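Single-letter residue listing:
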Amino acid sequence: MSYQALQQAAEARRSVYALNKNLPLPAGEVAAIVEHAVRHTPSSFNSQSTRAVVLFGAEHEKLWQFAEDALRAVVPAESFEPTAQKLAMFKAAAGSVLFFEDQDVVKGLQEKFPLYADNFPVWAEHADAMHQYAVWTTLAAAGIGANLQHYNPLIDAAVAREWGIPASWMLRAQLVFGGIAAPASDKTFAPLDGRFKVFGA
C-alpha cells in the first residue's frame, strides 16, 4: 500500500451529517473495522485502555433517545426545536460507536509509574482520540459517512445502565455513522504559515 492511499483516506474523512441507514457494508464488516482499530491503534505504555461499543439499528436509536431525554431536562422547551432536529439527524443514521477510557487501567499505570502519574490521564485521551481517528478514517475509505459527538456526561448513566458498561469505563465520544445522504460541505483551511515549520531538511 502506498502512503498516498493513506493520505487519500485522510482527505476523505469529513464530518458528514446527512446520514441514512443504507450502509455500503454489512454490519459485521463495520464492527470489524472498529475491532481492528481497538487491536492495532497505539497507546502510551501499550496501556490498551480504550474501549469501544458499536450500536446498530434500534440500539443506536436508543442512544439518541437517551440524549434527547437528557437534553429536554436542561434545555428550555421553547428553544428545544433546533436541538430536536439535530438529534433526529443522528438517530436517522445507521449506527454509533461509543468510545470509552478504562480508568482502572489509567489508575494502575499511575500506581506503577508514579513519576508519570499526572500524564497518564492525558495520554489516555491521546489514545482515545487516535482510536476515533482510525475508525473514522477507515469508515470514510469504505464509503461510510460519520460525525463525532460529545454528549457525555449527560448520557453516561443511561448508557451504563442500558448496555452494562463497567463503572471504570469513562465515556469520551460518540461517532455517528451511516450511508451518505448528502456530501459534506467544502472544507476551509487556515494558512499553514504559523502552523507548520521544517528545519534541517
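Residues numbered from 1 in each chain as written. Predicted model: local features only at pLDDT ≥ 70, side-chain atom pairs only at ≥ 80, totals over all residues. Heavy atoms only, no water.

A. Structural detail: the overall build of the protein. The number of helices and strands found in the protein is seven helices and five strands. Going from N to C terminus, the protein has its helices and strands arranged as α-β-α-β-α-α-β-α-α-β-α-β. In terms of principal-axis extent, the alpha carbons of the protein reach across some 55 × 40 × 35 Å. The buried share among the 201 residues of the protein stands at 38%. Within the protein, contacts between residues separated by at least 24 positions form 86% of all contacts whose residues are at least 6 apart in sequence. (Helix = DSSP H or I, 4+ residues; strand = E, 2+ residues; numbered from the N terminus. Buried < 20%, exposed > 50% of the residue type's maximum accessible area, 1.4 Å probe, protein only. Contact = heavy atoms within 4.5 Å.)

B. Focus on the packing of aromatic side chains. Inspection of the entire model under this criterion finds 13 aromatic pairs. The interplanar angle of 55° and the centroid separation of 5.4 Å between the aromatic rings of phenylalanine 100 and tryptophan 169 together place this pair among those described as tilted. Linking phenylalanine 100 in strand β3 (residues 95–102) with tryptophan 169 in strand β5 (residues 169–180), this pair joins segments that are 69 residues apart in sequence. Look at tryptophan 169 and you get partly exposed, because its relative accessible area is 22%. One aromatic cluster is present, formed by Phe45, Phe113, Tyr116, Phe120 and Trp123 through successive ring pairs. In this structure, arginine 13 packs its charged tip against the face of tryptophan 136, placed 4.3 Å from the ring centre. (Phe/Tyr/Trp six-rings, centres within 6.5 Å; stacked < 30°, edge-to-face > 60°. Lys NZ or Arg CZ within 6 Å of the ring centre and 35° of its normal.)

C. Up close: the nonpolar core. The biggest cluster of nonpolar side chains holds 24 residues, and the ones touching the most others in it are Leu63, Trp64, Leu87, Leu98 and Val159. Only β2 (50–56), α3 (57–72), α4 (81–91), β3, α7 (156–163) and β5 provide two or more residues apiece to this core. By residue number, the principal contributor to this core is α3, which donates five residues. Not counting the four nearest positions on each side in its chain, leucine 87 is found in contact with Trp64, Ala67, Glu68, Leu71, Phe80 and Tyr151. (Core = buried A, V, L, I, M, F, W, Y, C linked by side-chain atoms within 4.5 Å.)

D. Broad picture of the UniProt feature "domain: Nitroreductase" (unreviewed entry) in the protein. Here the UniProt-annotated "domain: Nitroreductase" (unreviewed entry) positions come out as residues 11–178. Segment residues 11–178 splits into 49% helix and 19% strand. End C-alpha atoms: 18 Å apart. (UniProt positions renumbered as here; feature names shortened; annotations may be inferred.)

E. Structural context of unusual backbone geometry. Going from asparagine 152 to proline 153, the amide bond is cis rather than trans, its omega being 5°. Position of proline 153 relative to the elements: it lies in the loop between β4 (145–149) and α7. One non-glycine residue with positive phi stands out, namely phenylalanine 45, at about 60°. Mapped onto the fold, phenylalanine 45 is located in the loop between α2 (27–40) and β2. Owing to a relative accessible area of 40%, phenylalanine 45 belongs among the partly exposed residues under this scheme. In this model, glutamine 48 sits at a positive phi of 50°, which is unusual for a non-glycine residue. Checked against the element boundaries, glutamine 48 lands in the loop between α2 and β2.

F. Spotlight on the pattern of salt bridges. Following the criterion strictly, the structure yields six salt bridges and no others. Linking glutamate 61 and lysine 21 is a salt bridge whose minimum nitrogen-to-oxygen distance equals 3.1 Å. Of the two residues, glutamate 61 sits in helix α3 while lysine 21 sits in the loop between β1 (19–20) and α2, which places them 40 residues apart along the sequence. Here aspartate 102 makes a salt bridge to arginine 51, at a shortest N to O gap of 3.2 Å. With aspartate 102 in strand β3 and arginine 51 in strand β2, this pair connects stretches of sequence that are 51 residues apart. Just as aspartate 102 is buried, arginine 51 falls in that class too. One connected set of salt bridges, linked through shared partners, spans Glu59, Lys62 and Glu162. (Salt bridge = Lys/Arg side-chain N within 4 Å of Asp/Glu carboxyl O.)

G. The environment of histidine 150, seen in detail. Take histidine 150: it is sitting in the loop between β4 and α7. The spatial distance from the C-alpha of histidine 150 to the C-alpha of leucine 175 is 8.7 Å, given a sequence separation of 25 residues. Ignoring any residue separated from it by four or fewer positions in sequence, one finds histidine 150 in contact with Arg172, Ala173 and Gln174.

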